[in-house]
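Each chain, written out:
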Amino acid sequence: SVTEIGKCAFAHCKYLKKVIINSNLEIIDESAFFSCHNLKSINLPNSLKEIRYTAFRGCTKLIIDGLPNSLNKIANYCFCSCSSITKIKIPNSVTEIGDYAFHLCTSLTEVEIPNSVTEIGIYAFHSCTSLTKIKIPKSVVSIKTHTFWNCTSLTKAEIPKNVDPPLLADGFSF
């Protein structure tokens, strides 16, 4: 059984539309599905431990039903420019949302961040122009610069008191 999809394994496969993964997969390596513009669906099994850097970057038609509870981090640029994702529920196992993780997910309207997350990277949700509200859990101690910059539809942000105000000036654009 396949346990890892290697680096750039399916990158730029312009006719790839659907991927069915076995239940033993543990790693989707860097850029594995980079710029698969017609990829619409992929099942992510509960055995999956890592989705690495730019794994799905530029998969403009990709819709993710959910992320497995076995992940501990959303890697840098992981879903960057996945402009068809409309909502995402971060699993309770995740502690960090990486830099540019959902950057340019322009259809993203809803994000559920669990209490397990402690850090949200730079530009993590930058230019998610359909995002209307965000609730930052009390567990978050670090919101990096420009995290929600250019989220032009954002009308409500619930931010716990433990987040330092100077951080907010660099993280949000209202």
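Heads up: the structure comes first, above all this text.
Because the structure is predicted, anything quoted here is derived from the model rather than measured.

**Comments concerning the packing of aromatic side chains**
Working step 1: Here the structure, examined in full by the defined rule, presents nine aromatic pairs.
Working step 2: Ring geometry for Phe33 and Phe56: centres 5.3 Å apart, planes at 0 degrees, overall stacked. Separated by 23 residues along the polypeptide, Phe33 in the loop between strand 3 (27–28) and strand 4 (41–42) and Phe56 in the loop between strand 5 (50–51) and strand 6 (73–74) bring together distant segments of the chain. Each member of the pair, Phe33 together with Phe56, is buried.
Working step 3: When the ring of Tyr53 is compared with that of Tyr77, the centres are 5.6 Å apart and the planes differ by 75 degrees; the resulting orientation is edge-to-face. Of this pair, Tyr53 sits in the loop between strand 5 and strand 6 while Tyr77 sits in the loop between strand 6 and strand 7 (87–89), and the two are 24 residues apart along the sequence.

**Let's talk about the nonpolar core**
Working step 1: Among the nonpolar cores identified, the biggest contains 51 residues, and Phe33, Phe56, Ile74, Phe79, Ile97 and Phe102 are the most heavily contacted of them.
Working step 2: With sequence-adjacent residues up to four places away left out, Phe56 is seen in contact with Ile28, Phe33, Leu39, Ile42, Leu44, Ile51, Leu62, Cys78, Phe79, Cys80 and Cys82.

**A few points about the sheet that holds strand 3**
Working step 1: Spatially, 1-3-5 is the arrangement adopted by the three strands of the open sheet, whose pairing is parallel. In this open sheet, the two edge strands, each paired with only one partner strand, are strand 1 (4–5) and strand 5.
Working step 2: Relative to strand 3, strand 1 runs parallel, the two sharing two bridges. Considered in strand 3, the bridge of Ile5 is made with Ile28.

**Describing the pattern of salt bridges**
Working step 1: Summed over the entire model, instances satisfying the criterion amount to six salt bridges.
Working step 2: Among the ionic pairs, Lys156 bridges to Glu158, the shortest N-O distance being 3.5 Å.
Working step 3: According to the relative accessible area criterion, Lys156 is partly exposed, its value standing at 45%.
Working step 4: Three or more residues are tied together by salt bridges with common partners; here these are Asp29, Glu50 and Arg52.

**Notes on the state of the cysteines**
Working step 1: Throughout the structure, instances matching the rule amount to zero disulfides.
Working step 2: Looking at the unpaired Cys36, the closest cysteine sulfur is the one in Cys59, lying at 5.0 Å.
Working step 3: Classification of Cys36 by relative accessible area gives buried; the value is 0%.
Working step 4: We note that Cys80 lacks a disulfide partner, and the nearest cysteine sulfur, in Cys105, lies 7.0 Å from it.
Working step 5: For Cys80, a relative accessible area of 1% corresponds to the buried category.

**So, unusual backbone geometry**
Working step 1: Backbone geometry places His12, a non-glycine residue, at a positive phi of 65 degrees.
Working step 2: Judged by its relative accessible area of 54%, His12 is exposed.
Working step 3: Even without a glycine there, the phi angle at Ser31 is positive, about 55 degrees.
Working step 4: Within the secondary structure, Ser31 sits in the loop between strand 3 and strand 4.

**Here we look at the sheet that holds strand 8 (residues 96–97)**
Working step 1: Pairing is parallel in the open sheet, where four strands are placed in the order 6-8-10-12. In this open sheet, the two edge strands, each paired with only one partner strand, are strand 6 and strand 12 (142–143).
Working step 2: Sheet analysis places strand 6 next to strand 8, joined by two bridges and oriented parallel. In the sheet register, Lys73 faces strand 8, and the bridge partner there is Glu96.

Reading guide: rules and limits
Residues numbered from 1 in each chain as written. Predicted model: local features only at pLDDT ≥ 70, side-chain atom pairs only at ≥ 80, totals over all residues. Heavy atoms only, no water. Phe/Tyr/Trp six-rings, centres within 6.5 Å; stacked < 30°, edge-to-face > 60°. Helix = DSSP H or I, 4+ residues; strand = E, 2+ residues; numbered from the N terminus. Buried < 20%, exposed > 50% of the residue type's maximum accessible area, 1.4 Å probe, protein only. Core = buried A, V, L, I, M, F, W, Y, C linked by side-chain atoms within 4.5 Å. Contact = heavy atoms within 4.5 Å. Pairing = 2+ DSSP bridges. Salt bridge = Lys/Arg side-chain N within 4 Å of Asp/Glu carboxyl O. Disulfide = S-S within 2.5 Å.

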